[in-house]
Amino acid sequence: MRSALLPALAAFASAARHQNFAHAAEELHLTASAVSHHVRKLEATLGVSLFQRHARGVALTPEGRLLADATGSALADIDGVLDGLRRHRRDSTLRITALPSFSSRWLMPRIAAFVAAHPEIHVAIDTDRTLVRFDEGGPDLGIRYGMGHWQGLVSRFLMDETLLAMASPAVAATVKTPADVANLPLVTDIAPEGWREWFRAAGLKPPRSPRIHTINDSSDGLIAASHGLGVILARSRLAASHLADGSLVALPGPEMPARYAYYVVHSAHRAPSPAALAFMAWVERQV
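Residues numbered from 1 in each chain as written. Predicted model: local features only at pLDDT ≥ 70, side-chain atom pairs only at ≥ 80, totals over all residues. Heavy atoms only, no water.

Engineer: What is the right way to look at the pairing of strand S1 (residues 51–54) in this model?
Structural biologist: Consecutive side chains of a regular strand alternate in pointing toward one face of the sheet and then the other. As paired elements, S1 and strand S2 (residues 57–60) share 4 bridges and run antiparallel to each other. Across the sheet, His54 pairs through a bridge with Gly57, a residue of S2. If you look at the hairpin formed by S1 and S2, you'll find 2 residues sitting between the two strands. (Pairing = 2+ DSSP bridges. Helix = DSSP H or I, 4+ residues; strand = E, 2+ residues; numbered from the N terminus.)

Engineer: Looking at this structure, how should I read the pattern of salt bridges?
Structural biologist: In a structure, side chains of opposite charge can pair up when their charged atoms sit close to one another. Within this structure, the stated rule accounts for 7 salt bridges. Taking the shortest distance from any N to any O, the salt bridge between Arg65 and Asp69 comes out at 3.6 Å. A residue pair is termed a helical-turn pair when its members lie 3 or 4 positions apart in one helix, as Arg65 and Asp69 do in helix H4 (residues 62–92) at 4 residues. Linking Arg270 and Asp140 is a salt bridge whose minimum nitrogen-to-oxygen distance equals 3.6 Å. Here the residue Arg270 occupies a position in the loop between strand S13 (261–267) and helix H11 (274–286), and Asp140 occupies one in the loop between strand S4 (122–126) and strand S5 (141–146), the gap between them amounting to 130 residues. No difference in accessibility class separates Arg270 from Asp140, as the two residues are buried. Here the residues in one salt-bridge network are Arg95, Asp140 and Arg270, joined through shared partners. (Salt bridge = Lys/Arg side-chain N within 4 Å of Asp/Glu carboxyl O. Buried < 20%, exposed > 50% of the residue type's maximum accessible area, 1.4 Å probe, protein only.)

Engineer: Looking at this structure, how should I read the sheet that holds S4?
Structural biologist: Paired through backbone hydrogen bonds, the strands of a sheet run either parallel or antiparallel to each other. Taken together, the 5 strands give an open sheet; going across it, the order is S4-S3-S5-S13-S6, and neighbouring strands pair in mixed fashion. Bordering the open sheet on either side are S4 and strand S6 (153–159), each of which pairs with just one other strand. Taken pair by pair, the neighbouring strands of this sheet meet at an average axis angle of 25°, ignoring direction. As judged from the 5 bridges shared by strand S3 (residues 93–98) and S4, these two strands associate in the parallel manner. Counted as the bridge partner of Arg95 is Ala124 from S4. (Axes fitted to C-alpha atoms, helices over the stretch in contact; angles between N-to-C directions.)

Engineer: For this particular structure, what's the right way to read the side chain of Ser14?
Structural biologist: Along the polypeptide, Ser14 turns up in helix H1 (residues 6–18). What makes Ser14 buried here is its relative accessible area of 1%. The contacts of Ser14, once residues within four sequence positions are left out, are Ala24, Glu27 and Leu28. (Contact = heavy atoms within 4.5 Å.)

Set out below in structure tokens:
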């Protein structure tokens, strides 16, 4: 079949379904005259009349009915294949959103293991700090740090968190007791719990005029503290690699259970895809 006939066949199939050129034109975003032109071109090529024209519209001729049945069946088959391909693409691509700090310090070192276990899944990870929309075009899953309640989302507890004071080995060498921390520069992020709570947990009064450096990304704060900026009140999950390689050292003082925790979240209005379910099971095993 010549490819030039495909637009004419599409116009004919729509006109045959509606029995009306104007309605077919609206469906195809064409003019009624364009649909009529396509149909006449097809009739001229085939040498038969496909429609009987009358004042209230059109009606299929016997030849038109034969072609309408064939094109309708063929287009339905093509639509089915295209939908399957789109569904396969959606099912095999996993879109995840997470905070940059959690992504870089916890998820990225582990994500290769997930892909190795599920080579058919392609991951797309967004590390935007904003709360993204989990609509049809949005992410499949998110990992969030909070109280576990977000409107329109289903949340599954992943792991808790602990806060403790850390510093570079050089700075840590000057700290013998929790009270010594008050004499050093403090590093903080924009977390809801901070140094005031830590000093109280240590049984100390918070310093009146502390030297505080604020870094809004927890991962950057850990890096700065590891290079000697000061003492950071760190999340133990994010700081694990720094503790392991010795670039940060835990200081004397309390380990505070955080009020917030990590949760895997997904839309309450859209069932998780097979890829999303596989990731949720995997990440829970990692914890």
